[in-house]
Amino acid sequence: MVLKAEIHCHIEGAASPALVEGQARKYGEDVSAIIRDGSYVWSDFTSFLRAFDVASMLFRDADDYALLAETYLRELAAQDAIYSEFFISTDHAETAGLDPADYIYGLAEGMERARNALGIESRMIATGLRHKGPEAVEEAARYIVDNPHPLVTGFGMAGDERMHHPSDFVRAFDIARDAGLGITVHAGELVGAESVRDALDHLRPTRIGHGVRAIEDPDLVKRLADEEIILEVCPGSNIALGVFPSFAAHPFPRLRDAGVTVTLSADDPPFFYTSLAREYEIAGEHFRMGEDALLNVTRASIEAAYVDEATREALLARLRVKMPVG
Ligand SMILES: Nc1ncnc2[nH]cnc12
Ligand SMILES: [Zn+2]
């Protein structure tokens, strides 16, 4: 049993098909277009995002989001995770007709319940959606800075990496960074090494969501190692979306051997038929990671986490004694 931590997971993307079907019954909606035989149905990134959007529309009030957060965090604690940092999207909340304040309050309620029950610590990273454009991402940044919450400790950007250019989002990220939020950006997933380089140059993150296609440029790999940029690597997601053809071809080991700090997360677990535990298993089976190396990955995630130092120290102490969760 290896204690785990996750720093790249979209909370709407953590909703299991069973939970979404339960929400569909609650609201009298039909989800047969995105769920068949208990699994999500999609064929490429665009149809994945569409299924993600449909599922997220079935969480419509604070109680729905408290249930989602608590359910996911309980699942993570059962996989021996002691820390979870997940992306939230006030854009999705507003599209579902929810006031962002209720959205965040509901998620925080679920986080508290899971922490009280099982001791799992968690934080939220607010995000803007790249394909909605610079104004929308800036609005998401302004909202979270004007409405601070103690459990919202970072700002990032997800969505379609093929749209717009990192330089379009400089102001949004300056607003978030100046407010003291941790900065992470999805890059180097659907687009190549230049996307990671541009994100680093213009948005100055300390972490990159995925970043794995940096492997295409050895100078960039060296820069990631030299600047100690953390990669939030999601191998199961990368293979499910066809970013790489197989786990054997995945660059995780090469990045790690080049001195890049790589971590393990599940991104959107049920959508990519994975879980945090499965990602650790994949690293053991395909990336030559033994138990000590996997515990070092957990330690790297906690070192990179957007948490206060007291919380970080308490989490690192648990790794040292390998105290079981709960
Ligand atoms: N892997 C991913 N890339 C970009 N946006 C996302 N939203 C949810 N999962 C995502
Ligand atoms: Zn992601």
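Treat the numbers as computed from the prediction; the structure is a model and nothing was measured.

**Student:** Where do I start with the sheet that holds strand β10 (residues 261–264) in this structure?
**Tutor:** Strand pairing in a sheet takes place through backbone hydrogen bonds and is either antiparallel or parallel in direction. Strand order in the open sheet formed by eight strands is β1-β4-β5-β6-β7-β8-β9-β10, and the pairing between neighbours is parallel. Each edge of the open sheet carries a strand with a single partner, namely β1 (4–6) and β10. For this sheet the average axis-to-axis angle between neighbouring strands, irrespective of direction, equals 25°. Packed on one face of the sheet, helix α12 (residues 276–286) meets β1, β4 (81–88) and β10 and runs near 110° to β1.

**Student:** Can you walk me through the UniProt feature "binding site: substrate" (unreviewed entry) in the protein in this structure?
**Tutor:** Per the UniProt record, "binding site: substrate" (unreviewed entry) is annotated on Asp-268. Within the secondary structure, Asp-268 sits in the loop between β10 and α12. Setting aside its immediate chain neighbours within four residues, Asp-268 contacts His-10, Gly-13, Phe-48 and Phe-52.

**Student:** Can you walk me through the side chain of Thr-311 in this structure?
**Tutor:** Of note, Thr-311 is situated in helix α14 (residues 309–321). Separated by 3.5 Å, the side chains of Thr-311 and Arg-123 make a polar contact. Once residues within four sequence positions are removed from consideration, Thr-311 is found in contact with Glu-121 and Arg-123.

**Student:** Looking at this model, I keep getting lost on unusual backbone geometry. Mind explaining?
**Tutor:** Both trends apply: most residues other than glycine have a negative phi, and most peptide bonds are in trans. Even without being glycine, Asp-80 reaches a positive phi, approximately 65°. Relative to the elements of secondary structure, Asp-80 occurs in the loop between α3 (62–78) and β4. The phi dihedral of Arg-204 falls on the positive side, at around 45°, and the residue is not glycine.

**Student:** Before we go on, may I ask you to explain empty space enclosed by the protein in this structure?
**Tutor:** The gaps of empty space that remain are located by a probe, the size of a water molecule, rolled over the atoms. Tallied over the full model, the rule gives two cavities of 30 Å³ or more. Taken as a whole, the largest cavity holds about 200 Å³ of empty space. In terms of lining residues, the largest cavity is bounded by 22 residues, among which His-10, Leu-49, Phe-52, Ala-158 and Gly-159 are the most central. Looking at the lining of the largest cavity, the elements that each hand over two or more residues are α2 (45–56), β4 and β5 (121–129). With five residues, α2 is the single largest residue contributor to the lining of the largest cavity.

Cut-offs applied
- Counting restarts for each chain, with residues numbered from 1 along the sequence as it is written.
- By the order in which they are written, chains take letters starting at A while ligands take numbers starting at 1.
- In keeping with the predicted nature of the model, local features appear solely for residues at pLDDT of at least 70, side-chain atom pairs appear and are counted solely at 80 or more, and the whole-chain, interface and lining totals rest on all residues.
- To obtain the side-chain values, all non-hydrogen atoms of the structure were included, while hydrogens and water were left out.
- At least two bridges found by DSSP between two strands is the condition for calling them paired.
- Runs of E in the DSSP output that reach at least two residues are strands. Runs of H or I that reach at least four are helices, and both are numbered from the N terminus.
- Fitted lines through C-alpha atoms serve as axes, helices being fitted only where they are in contact, and the angles separating the N-to-C directions of these axes extend from 0 to 180 degrees.
- For this analysis, residues touch if any pair of their heavy atoms sits within 4.5 Å.
- UniProt positions are given in the numbering used here, feature names are shortened, and annotations may be inferred rather than shown by experiment.
- For this analysis, a polar contact is any N or O atom pair within 3.5 Å, provided that within protein one partner can donate a hydrogen and the other can accept it, and provided that sequence-adjacent residues contribute only side-chain to side-chain pairs.
- A cavity here means a set of points on a 1 Å grid, drawn over the protein atoms and nothing else, where a 1.4 Å probe fits but cannot get out; a pocket is an open set with protein on both sides within 12 Å along at least five of seven lines, and a residue lines either one if it has an atom within 4 Å of a point.
- Grid points are joined across faces, edges and corners, and a volume is the space filled by probe spheres set on the points.

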